[in-house]
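Chains, contacts and geometry: an overview
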Amino acid sequence: MAKHVFSPDERFVVYLADGGKCFWCGQPLIFRDVQIDHVFPENLLEKVETLEDIKTGYALGEEFSINGFENWVTCHQGCNIRKSDSILPNAPQTLFTVNQLRARAPKLKAEQQKFLSRKRGGEILGQLACALTAGSLTQADVMEIMLDIPMASASAEVKIRIAEHTELIVPNSPAALSTSQGWKVHSVTGNIAHVHDGKVSGMIPNVVNPHESWRCSRCGEFGPWDGIMCRTCGNREEPDC
């Protein structure tokens, strides 16, 4: 399998998003030493059934791309080698992390387009400067072109409404129980329901017999979890691996 070759703009955008630090160990690194790691290994592209199971089990969604910003993080060479092709445990903290990466992916894609636009803009300005210097283009020509360019209209305000999707909830699952306790379902991805109560949100299993790693050691409930915090009782704990 041919591995993805990261372009400078992809590396730069991910590097900035991770604050110039290794995603795995948190240590800073300079840009020239940056490596981009796949959270879910690239070799899954050769394992179609395994990849589909992971998309479902980790609530990644059908649109998830192994070679996309939702699966790329900054790392040291050493961390990259140590992680290798291992797959992170299916636990609340992992799901919280991948959910954050999925949420930031559209912004990173937009930043990449800005980066490329600035690069193209610089090339165009350089060509204009050469043409002006050579006398093949005059300042009057440039002004005439600029005056003919229409102004972009202001973007219309985008309103987002969170819809409930209770029809997707599996009966007798922890997700079903949460709705009777006042949580509202705003989306369901694979075996995971994303719920909110108007103030906070979390993730909770949408299967009848979820893995025990979801169970809170204090209250015994399966969440909802916001990272390492059980939203049922407020307990904070590291997930089982």
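Notes on the structure in this doc start here. Source: prediction; values computed, not measured.

About the criteria used
- Residues numbered from 1 in each chain as written.
- Predicted model: local features only at pLDDT ≥ 70, side-chain atom pairs only at ≥ 80, totals over all residues.
- Heavy atoms only, no water.
- Helix = DSSP H or I, 4+ residues; strand = E, 2+ residues; numbered from the N terminus.
- Buried < 20%, exposed > 50% of the residue type's maximum accessible area, 1.4 Å probe, protein only.
- Contact = heavy atoms within 4.5 Å.
- 1 Å grid on protein atoms, 1.4 Å probe; cavity = no way out; pocket = protein on both sides within 12 Å on 5 of 7 lines; lining within 4 Å.
- Points joined across faces, edges and corners; volume = space filled by probe spheres on them.
- Nonpolar A, V, L, I, M, F, W, Y, C, P; charged D, E, K, R; others polar.
- Core = buried A, V, L, I, M, F, W, Y, C linked by side-chain atoms within 4.5 Å.
- Phe/Tyr/Trp six-rings, centres within 6.5 Å; stacked < 30°, edge-to-face > 60°.
- Lys NZ or Arg CZ within 6 Å of the ring centre and 35° of its normal.
- Disulfide = S-S within 2.5 Å.
- Salt bridge = Lys/Arg side-chain N within 4 Å of Asp/Glu carboxyl O.

1. Concerning the overall build of the protein
On a plain count of helices and strands, the protein comes out with six helices and seven strands. Secondary structure elements of the protein occur, N-terminal to C-terminal, as α-β-α-β-α-α-α-α-β-β-β-β-β. By the burial criterion, 37% of the 241 residues in the protein qualify as buried. Counting only contacts in the protein whose residues sit at least 6 apart along the sequence, the fraction spanning at least 24 positions is 57%.

2. Some words on the layout of surface pockets
For the largest pocket, the calculated volume is near 290 Å³. Mapped by element, the contributors of at least two residues to the lining of the largest pocket are strand S1 (35-38) and helix H3 (77-83). Per-element accounting of the lining of the largest pocket gives the leading share, three residues, to S1. Of the residues that constitute the lining of the largest pocket, the class distribution is five nonpolar, five polar and four charged.

3. As for the environment of Met229
Take Met229: it is sitting in strand S7 (residues 229-230). Here the alpha-carbon distance between Met229 and Pro92, two residues 137 residues apart in the chain, equals 9.1 Å. Each residue touching Met229, except ones within four places of it in the same chain, is listed here: Pro224, Gly234, Asn235 and Arg236.

4. So, the nonpolar core
The nonpolar side chains of soluble globular proteins are, as a tendency, buried together. Among the nonpolar cores identified, the biggest contains 22 residues, and Val39, Phe40, Leu60 and Trp214 are the most heavily contacted of them. Sorting the residues of this core by element identifies helix H2 (48-57) and helix H4 (92-134) as the ones contributing at least two each. For this core, the element with the highest residue contribution is H4, accounting for three residues. Core analysis: the next-biggest nonpolar cluster, separate from the first, contains 14 residues, Val13, Val34, Ala105 and Leu108 among them.

5. Examining the packing of aromatic side chains
If you walk through the whole model with that rule in mind, you get seven aromatic pairs. Ring centres 5.1 Å apart and planes at 90° place the aromatic pair Phe23 and Trp24 in the edge-to-face group. Take Trp24: its relative accessible area is 29%, and that puts it in the partly exposed class. Joined through ring pairs, the aromatic side chains of Phe6, Phe69 and Trp72 make up one cluster. Arg11 extends its terminal NZ or CZ atom over the ring of Phe31, reaching a point 4.8 Å from the ring centre.

6. Description of the environment of Phe12
Residue position: Phe12 is located in helix H1 (residues 8-17). A relative accessible area of 28% places Phe12 in the partly exposed class. For the pair formed by Phe12 and Glu111, sequence separation is 99 residues and the distance between their alpha carbons is 9.9 Å.

7. A look at the environment of Thr74
In this fold, Thr74 is placed in strand S2 (residues 72-75). For Thr74, a relative accessible area of 0% translates into the label buried. For Thr74 and Ile36, which are 38 residues apart along the polypeptide, the C-alpha to C-alpha distance reads 4.8 Å. Leave out the neighbours within four places in its chain, and Thr74 touches Val14, Tyr15, Asp18, Lys21, Cys22, Phe23, Trp24, Leu29, Val34, Gln35 and Ile36.

8. Focus: the state of the cysteines
Enumeration according to the criterion identifies zero disulfides in this entry. With no disulfide of its own, Cys25 has Cys22 as its nearest cysteine by sulfur position, at a separation of 3.7 Å.

9. Here's the deal with the pattern of salt bridges
Oppositely charged side chains can form a pair if their charged atoms are brought close together. Enumeration over the complete set of coordinates arrives at five salt bridges. A salt bridge links Arg104 to Asp18; its shortest N-O distance comes to 2.8 Å. Taken as a pair, Arg104 in helix H4 and Asp18 in the loop between H1 and S1 lie far apart in primary sequence, 86 residues in all. The class of Asp18 is buried, set by a relative accessible area of 13%. Residues Glu111 and Lys114 are paired through a salt bridge, measuring 3.6 Å at the closest nitrogen-oxygen approach. With Glu111 and Lys114 both in helix H4 and three residues apart, this pair spans about one turn of that helix. With a relative accessible area of 30%, Glu111 lands in the partly exposed category.

Note that all results are geometric; they support no functional claim without further evidence.
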